[in-house]
Amino acid sequence: MNFLTRFSLKNAVAVFIISFLLIILGAYSFSSLKVDLLPNIEFPQLSIEIVYPGASPQDINDQVTAKLEEKFKSLEGLKNMQSSSYESMAVINLEFPFHTDMEEVERQVDTLIKDTDLPENVETKVNRFSFGTIPIFNISLFAKKDVDLQNILETEVIPELNKIDGINSISVGGEKEEIIKITVDKQKALQAGLTLTQIKDQINEKYMSFPAGNVHTDTLQIPVRVQEKLETVKELENMALTSPVLQSMPAAAQAKPAIKLKDIASIETVADQAEFTRYNLKEALSMAVTKKQDANTVEVADKVTKVLDSYKDKFDYTIGFDSAEGIKKSVESLVREGLLGALFASVAVLLFLRNVRATVIAIVSIPLSLLVASIFLNRMDISLNVMTLGGMAVAVGRVVDDSIVVIENIFRRVRKAKTGITDELIQDSTREILKAITSSTITTVVVFLPLGFVGGITGEFFLPFALTIVFALLVSLVVAVTVVPILAKFSFKKVPPEEKEGALQRVYGRVIAWALRHKALVLLLSVVLLVGSFALTPALGFTFLPNEEQKTLVASIELPSSTSLEKTNDVSLALENMFVKQKEIKNVTAAVGSRDYRSGLKRQNQANYFINLKEDVAVAPLIKKLEKKMEQIVNEKAPGTKFGVREMESGGPPTNNNVDIDLYSNNLSSLQKAAKQVETYLNKRHDLKDVTNNFADKQKQIVVDIDPEKAAAYGVSGFQILGTIADATKPVEVGALTLNGKERTVQLSYNQHLQSVDELKNTMIFTKRGLVPVSELASVNEVDTYTSIQKLNGKVFARVSAQIVGDNIQKVTNDVIRHVKNDLNLPDDVSLEGGGGSDETMQTFQELGIAMLIAIGLVYITMLVTFGKARIPFVILSSLIFVPIGSLLGLYITKEPLSISVMIGLLMLIGIVTTNAIVLVDRIGQNREQKGMTIRAAIMEAGKTRLRPILMTAFATVTALIPLALTSESGTLISKGLAITVIGGLTSSTLLTLILIPVMYELFFIRQAKAERMKQ
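(A) Molecular detail of the nonpolar core. Grouped together as the largest cluster of nonpolar side chains are 152 residues, with contacts concentrated most on Ile407, Ile437, Phe448, Leu451, Phe465, Phe492 and Tyr1001. Top contributing element to this core by residue count: helix H19 (residues 456-491), with 19 residues. Counting 29 residues, the second-largest nonpolar core is a separate cluster that includes Leu565, Val571, Ile585 and Tyr609.

As structure tokens, then:
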């Protein structure tokens, strides 16, 4: 690469222009990067939503879920298949390995669904999941004066929002739907021989429009269309109804006047509300906004608020949940830490060089490297997120290393030279350390290649982080051999002559001499320190990612399954009143009867809450306090209500800080009993929180068991009995009809509702023998049944889960599993599997361990190619053995657990630490090969000469990471553990490198060293 230095010195103006253009392009690219909280990762998961109206959980499981599961087993690479069958609906989740072609999988799933023999009225929908599918906004809207807010949203605001590039969907909760309600007099309908279904069919028959051929004239062919419509409510009221019963009677009976709809029913327009949404007890419409997979979250959020602000004269709005705000805070925090890191690194260089010009030259690589790296990130469509910004913050200290070594060597050579600065001197100075900086940069880059061997979300999540550092380091190497020599040429024309050997160098020289005379003691002390540091490991804890306290809580209640929306709303109002009175809470957004995101169902018996807290609130104690108050309210108003409060998940990679107990049995009663036992035990433990049990409670159900022989004798089909009972128990949807110029839903229902099982038994059925009660054709019994059936990989199961408090997840997980197996007297026909996040964490740690070994191997090969001697790389790699000393001590002092961030930090250290060793060993080799020095003399001279650049590069890297290590801002914890690991490991390894590498070098060349000393 020395040709680059020669070219740069001869074409300085061209290099400056190129650099200036790259800075402009880099700044533009940086500002153009999409801003998001997390890397744009699509999970290899599919969710199949199945709707089967009227089916029980058992029916939908037998007739739909089980059939589809059998088909899906053939999908290649399928890791897990979990299903949930509810009344009228089921959800099947399929999980695949990362890098699976999900487009192809989705096509296969669609094909398998079509090939499955499913009931006719079953509807299916296939969904994919990514970070982009999570809502970025939850907004509460309030109308001003007499404004029809719902109408404005539907006709103006939502169409305007949908024009925004990047918007995926807009959904509004709490809307009121205007419906035409036809209330049929049950007795009159019975006398007329009409059911709700027959009335519905006759109304729909009035809405027909079909082509009927063509009329041919001399010159034209005119199409003919026959149609019939009811255009007004009055026409609907006067619609004549035909009674199948009267038609079968004698002609005299048929001569009666035709029955009009208004004769047996009343028709009115009413407002129906399927869910209630409120903000701090104030009624509101709730808007959820999701963005497209690759859209810029902050940009989309800004455009949404801009549209909403344009309607300030018509409505007010408040944002209950805003992911864009969290992104902005995280980005601002990481940018601040990065800038502080750059400042600290600059001060560190200045302290060592004590020359402002040399310092400016050394740190010019920071903006250049990071801005040019932004060009590559932009071209690869990588967003500006916590990982890319974390990579930049970490790279700040490392990108100056090459420039520091180059400028320090030029500065030192110029001060020794009598001729002053010349192009030849600059080229010689750069060439002298070119091999060292090139190999050290490449070794730091290659350590990230094995991240490709780390599977799952960890590899995907850290890839942008690794790419950011790789791009920045490669650019910093080019800057060090092109821009830095030019700046040195213009800046070092007048420099003071070199001072005599400094005090630090003299002390270090004596330390090296002592170490070389006491090699065994040096090695023994190093090993003792290493063993001592490993003794700290049990006290550190073991987790996937550290728990990060969230200032937004998610609460929920679930009343018994048959509870009405009105009752759920009453309970919710009492809870909201309690929430609003808590001084720690800023605001509460409530949704009653809203969509359950786990199952996709809108359930009248559920309510969910977003609770935003004030900044200085201690979250864990508040959750306990809220749970206690919620328990008092629900026990008083609705005994048997399930409730819970938890911190909102950040939406990042799973923390894996959970323990799962999976129970399997075909006996649902035993399974329910076992799940309840485990749930009770987990709730008693103080090291667990947010205990959940996916096994639903039983609910009362009335089963009508048709007698086939009796039904046949009366000439009645099962579907006829089903239709009659359905008419008596729930409204019949006629559909959306346009009446009086407005499209509205039309609903049919009786004026009398069934109040008891006896009334159901006495419901009359039209038969060929006349009217007979249901009890004549079927047995009617009240039974207890389960509200859902859960299966994992085709086996019925119950999962009881909990989040682990603290960071030692493996210890807690093993302890929980052991106690559940040994201490709980579970039913004999229930089998058990324990696991959770610690399983995936262990697998990821193992993969990262393998990645480190591969990285060390790649570093060895790189140095073997660079130095051409098999022993030299071993000397350099010996510095890695003692990296854990500082890293583990740093983690222990700061109370940071072992985590994936720490493992990535250790992986980085493989590249960073070898840099110092390479700089030192390269100088020793030059002394021996070019100056003919003895091994010991070469070591002594190299140590004193390279002491300053080694300390400078290490100190610059360490100081640059200090702001990141000390931060307590949300969204940066993934970089905090990494920063502490690198600071501690680099500090200890640098100090040991300066002593251990000379010792190891002489040990690897012990025979030659002894021979040289004997000659002296």
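(B) Broad picture of a nonpolar patch on the surface. Taken together, the side chains of Leu340, Leu343, Phe344, Val347, Leu351 and Phe955 make up a nonpolar region of the molecular surface, amounting to roughly 500 Å² of accessible area. At 5 residues, the largest contribution of residues to the nonpolar patch is made by helix H13 (residues 323-353). When you line up the elements, Phe344 lands in helix H13.

(C) Focus on the sheet that holds strand E5 (residues 137-143). Read across the open sheet, the 4 strands follow the order E6-E15-E5-E16; overall the sheet is antiparallel. Pairing within the sheet leaves two strands with one partner each, and these edge strands are strand E6 (167-173) and strand E16 (315-322). Averaged over neighbouring strand pairs, the angle between their axes works out to 25° when direction is ignored. Note that E6 and strand E15 (residues 285-291) share 6 bridges and pair antiparallel. Across the sheet, Ile167 pairs through a bridge with Lys291, a residue of E15. Of the strands in this sheet, E5, E6, E15 and E16 touch helix H12 (residues 297-309), which is tilted by about 0° from E5.

(D) Structural context of the pattern of salt bridges. The full count for this structure, using the stated rule, is 26 salt bridges. With its nearest N and O atoms 3.3 Å apart, the salt bridge here joins Glu299 to Lys303. Remark: Lys303 and Glu299 occur in helix H12; sequence separation between them is 4 residues, near one turn of the helix. The class for Glu299 is partly exposed, based on a relative accessible area of 39%. Measuring nitrogen to oxygen at the nearest pair gives 3.2 Å for the salt bridge that ties Glu432 to Arg413. A residue pair is termed long-range when its members are at least 10 positions apart, and Glu432 in helix H18 (residues 423-446) and Arg413 in helix H17 (residues 400-416) qualify at 19 residues.

(E) Representation of the sheet that holds strand E17 (residues 552-558) in the model. Strand order in the open sheet formed by 6 strands is E14-E13-E18-E19-E17-E20, with antiparallel pairing between adjacent strands. What marks the edges here is a single partner per strand, and that holds for strand E14 (282-283) and strand E20 (642-647). As paired elements, E17 and E20 share 6 bridges and run antiparallel to each other. Bridging across to E20, Ile557 finds its partner in Phe643. The strands touched by helix H23 (residues 619-637) within the sheet are E17, strand E18 (585-592), strand E19 (606-613) and E20, with E20 carrying the most contacts at an inclination of about 165°.

(F) Summary view of the packing of aromatic side chains. Scanning all chains against the criterion turns up 8 aromatic pairs. Between Phe142 and Tyr279, the ring centres sit 6.1 Å apart and the planes meet at 65°, which makes this aromatic pair edge-to-face. Within this pair, whereas Phe142 is found in strand E5, its partner Tyr279 is found in strand E13 (residues 276-279), the two being separated by 137 residues in sequence. Pairwise contacts between aromatic rings join Tyr860, Phe874 and Phe1004 into one cluster. A cation over a ring is seen here: Arg769 above Tyr714, with NZ or CZ 4.5 Å from the ring centre.

The rules behind each value
- Residues numbered from 1 in each chain as written.
- Predicted model: local features only at pLDDT ≥ 70, side-chain atom pairs only at ≥ 80, totals over all residues.
- Heavy atoms only, no water.
- Core = buried A, V, L, I, M, F, W, Y, C linked by side-chain atoms within 4.5 Å.
- Buried < 20%, exposed > 50% of the residue type's maximum accessible area, 1.4 Å probe, protein only.
- Helix = DSSP H or I, 4+ residues; strand = E, 2+ residues; numbered from the N terminus.
- Patch = residues over 30% accessible without salt bridge, like charges linked within 9 Å, V, L, I, M, F, W, Y side chains within 5 Å.
- Areas by Shrake-Rupley, 256 points an atom, 1.4 Å probe, with all protein chains shown as cover.
- Salt bridge = Lys/Arg side-chain N within 4 Å of Asp/Glu carboxyl O.
- Pairing = 2+ DSSP bridges.
- Axes fitted to C-alpha atoms, helices over the stretch in contact; angles between N-to-C directions.
- Contact = heavy atoms within 4.5 Å.
- Phe/Tyr/Trp six-rings, centres within 6.5 Å; stacked < 30°, edge-to-face > 60°.
- Lys NZ or Arg CZ within 6 Å of the ring centre and 35° of its normal.

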